[in-house]
Structure formats: structure tokens, C-alpha cells
Amino acid sequence: NAGVTQTPKFQVLKTGQSMTLQCAQDMNHNSMYWYRQDPGMGLRLIYYSASEGTTDKGEVPNGYNVSRLNKREFSLRLESAAPSQTSVYFCASSDELGEQFFGPGTRLTVL
Amino acid sequence: GQSLEQPSEVTAVEGAIVQINCTYQTSGFYGLSWYQQHDGGAPTFLSYNALDGLEETGRFSSFLSRSDSYGYLLLQELQMKDSASYFCAVRPALTGGFKTIFGAGTRLFVKA
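Residues numbered from 1 in each chain as written. Chains lettered and ligands numbered in written order. Predicted model: local features only at pLDDT ≥ 70, side-chain atom pairs only at ≥ 80, totals over all residues. Heavy atoms only, no water.

Student: What am I meant to see in the overall build of chain A here?
Tutor: Scanning chain A from N- to C-terminus turns up zero helices and eleven strands. In chain A, the succession of α and β elements from N to C terminus is β-β-β-β-β-β-β-β-β-β-β. Counting over 111 residues, chain A shows a buried share of 47%. For chain A, the accessible surface area stands at approximately 5000 Å², while carbon and sulfur atoms represent 50% of it. Counting 10 positive and 10 negative side-chain charges, chain A places the centres of these two groups 9 Å from one another. (Helix = DSSP H or I, 4+ residues; strand = E, 2+ residues; numbered from the N terminus. Buried < 20%, exposed > 50% of the residue type's maximum accessible area, 1.4 Å probe, protein only. Areas by Shrake-Rupley, 256 points an atom, 1.4 Å probe, with all protein chains shown as cover. Lys, Arg positive; Asp, Glu negative; His and termini not counted. Charge placed at Lys NZ, Arg CZ, Asp CG, Glu CD.)

Right under this line is the structure:
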């Protein structure tokens, strides 16, 4: 089992560019999440998907969109990247309200 | 609003015991969780308190008191590898439990 995988691991964008962060889990979890973590801070929820076919906004959704492609995959899209979106992005999954399993993260820099 | 507060840093000596506190301001949640994160790594789950009281998992214990809006993580027999950041987290019931809120984290330094 690979657990939760994320691609890419690192990305540098210019302001205004778009990109999609990919996340997949092989634990048959219903729920998936996208967080961002800024230096010295905790995790802030961007979007979540309680189950396949549903998505909802988290604490900091502005500037992002998500797609729950199927039970395994949950992608995060930045339509027009801004320097304020420079952060480390973590995808996570859980079985309902159980413990969350995190991917290795994507380190994004927006110039 | 909903928030969790933790000390920003704690320093302890190898072999000692350290307690990391978490106080919260949120009404109605599905338990208190703790996660560990090493520098450059991903958070990993440590423990979960659904009910008031103490939960023990090896060298780690976690405590919750809903009446005091307070919880803590206790690390015993500290090892150098325990140097990491520790986050408390809650799942507010008002939002169905999926909108997890994390504290800002406590950075633990273990000295030889």
C-alpha cells in the first residue's frame, strides 16, 4: 500500500499561471482533504470531500477549486496563482471521521 | 469563533517527561486528536480522545477534559527522535465533523 500519494513534490509558478495538484489514496477511504501549511503555522483546510461526488469549502477556499474524480483521487487547482499561495500543500484521507493519513506534500512557490 | 491554542515551543532533556497543552474555544466537537510532524515531513496521527480522560499508547498519553476546554499530550522517556512539531486538532460537530481545525503547533526540542 502506497497510502496517500501527491504529485508534484515541488513546483515553481509565475504569478497568474495555473496548475493542478494531484492526490490519490489506496486505502479505500471515503473522505479526502486539502490543506495548506505556511511556515511555523498549523494546517488550514482548503477544501474537503466527505464522500465521492461531494466537495465542500474549508477555512481558506478562495483562489482554489477541487475535483473528486473518483473515490481514489482528489485534485486541487489553482486557476491564477498568486504569491500569497506560496505554501506547502498536503492532501489527506480518512475513513469517515477517523484519523487522517497525509501525503508527503507539495512545496509550491509562486513568484 | 473556533480556535485552539498551544505553546509555540517546549524544550526538554532526553529521558525526561514533557506535557504539551492545548486549550480550545469551540463548542461541540468529535474528540481531540494529536499529530506529530518532523521537519520537512508530513503530519502523522498520534492519538485521539473521544471522551474525557487519559488515553495511553506506549510512551505517549493524551488527556481531554471537555468541562475545562483543555487537553494535553504527555511524552515520556523522551528520545532525540521526538524532536518535532506537535499539533492538536478538533472536528467541530457544527460542520459535520469534516472541517478539522488544527492548532498552530508546538515545536519540541529534545536536548541530550
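We are not done yet, so read on.
Student: Would you mind showing me how to read the nonpolar core here?
Tutor: Here is a general trend for soluble globular proteins: nonpolar side chains tend to be buried in one another's company. Counting 23 residues, the largest nonpolar core has B:Leu4, B:Leu32, B:Trp34, B:Leu75, B:Tyr86 and B:Leu108 as its most contacted members. Beyond its immediate sequence surroundings of up to four residues, B:Leu4 is in contact with B:Cys22, B:Thr23, B:Tyr24, B:Leu32, B:Cys88, B:Ala89, B:Val90, B:Ile101, B:Phe102 and B:Gly103. Membership of the second largest hydrophobic core comes to 19 residues, among which are A:Leu13, A:Leu76, A:Ala81 and A:Val110. (Core = buried A, V, L, I, M, F, W, Y, C linked by side-chain atoms within 4.5 Å. Contact = heavy atoms within 4.5 Å.)

Student: Honestly, the pattern of salt bridges in this entry has me stumped. Any pointers?
Tutor: Between side chains of opposite charge, pairing is possible as soon as their charged atoms come close. Counted under the stated rule, the structure contains five salt bridges over all chains. For the salt bridge of A:Arg44 with A:Asp38, the shortest nitrogen-to-oxygen distance reads 2.6 Å. Overall, the relative accessible area of 24% leaves A:Arg44 in the partly exposed class. Among the salt bridges present, the one from B:Arg107 reaches B:Asp39, with a minimum N-O distance of 2.7 Å. Taken as a pair, B:Arg107 in strand S11 (residues 106–111) and B:Asp39 in the loop between strand S4 (29–37) and strand S5 (44–49) lie far apart in primary sequence, 68 residues in all. (Salt bridge = Lys/Arg side-chain N within 4 Å of Asp/Glu carboxyl O.)

Student: Can you help me understand the side chain of A:Ser87 in this one?
Tutor: All names here are of chain A. Here Ser-87 is to be found in strand S9 (residues 87–94). Since its relative accessible area comes to 6%, Ser-87 is described here as buried. Looking at Ser-87, its side chain comes within polar contact range of the side chain of Asp-38, at 2.8 Å. Apart from the residues lying within four places of it in its own chain, the contact partners of Ser-87 are Arg-36, Gln-37, Asp-38, Thr-106, Arg-107 and Leu-108. (Polar contact = N/O pair within 3.5 Å; in protein donor to acceptor, adjacent residues only side chain to side chain.)

Student: Could you clarify how one ought to interpret the interface of chain B and chain A in this entry?
Tutor: Where the parts come together, the accessible area they lose is often given as the size of the interface. Listed per partner, the contact involves 19 residues of chain B and 24 residues of chain A. Among the residues chain B hides against chain A, the three largest losses belong to B:Arg91, B:Phe98 and B:Phe102. Together they make up 36% of the total. Inspection of the chain B/chain A interface yields zero salt bridges. Between the two partners, chain B and chain A, sit seven residue pairs in polar contact (both at pLDDT 80 or more). If you list the elements that add at least two residues to the side of chain B that touches chain A, you get S4 and strand S9 (84–92) of chain B. The leading source of residues in the side of chain B that touches chain A is S4(B), at three residues. (Buried area = accessible area lost by both parts, 1.4 Å probe.)

Student: Got a minute to help me understand the sheet that holds strand S6 (residues 53–57) of chain B in this structure?
Tutor: Pairing between the strands of a sheet comes from backbone hydrogen bonds, and it takes one of two forms, parallel or antiparallel. Residue and element names in this part refer to chain B. Read from one edge to the other, the open sheet built from five strands follows the order S1-S3-S8-S7-S6, with strand pairing classed as antiparallel. The open sheet has two edge strands, strand S1 (3–5) and S6, and neither has a second partner. Each neighbouring strand pair of the sheet contributes to a mean axis angle of 20 degrees, computed without reference to strand direction. Looking at chain direction, strand S3 (residues 18–25) and strand S8 (residues 70–75) are connected through six bridges and run antiparallel. The residue bridging Cys-22 from the neighbouring strand is Gly-71, located in S8. (Pairing = 2+ DSSP bridges. Axes fitted to C-alpha atoms, helices over the stretch in contact; angles between N-to-C directions.)

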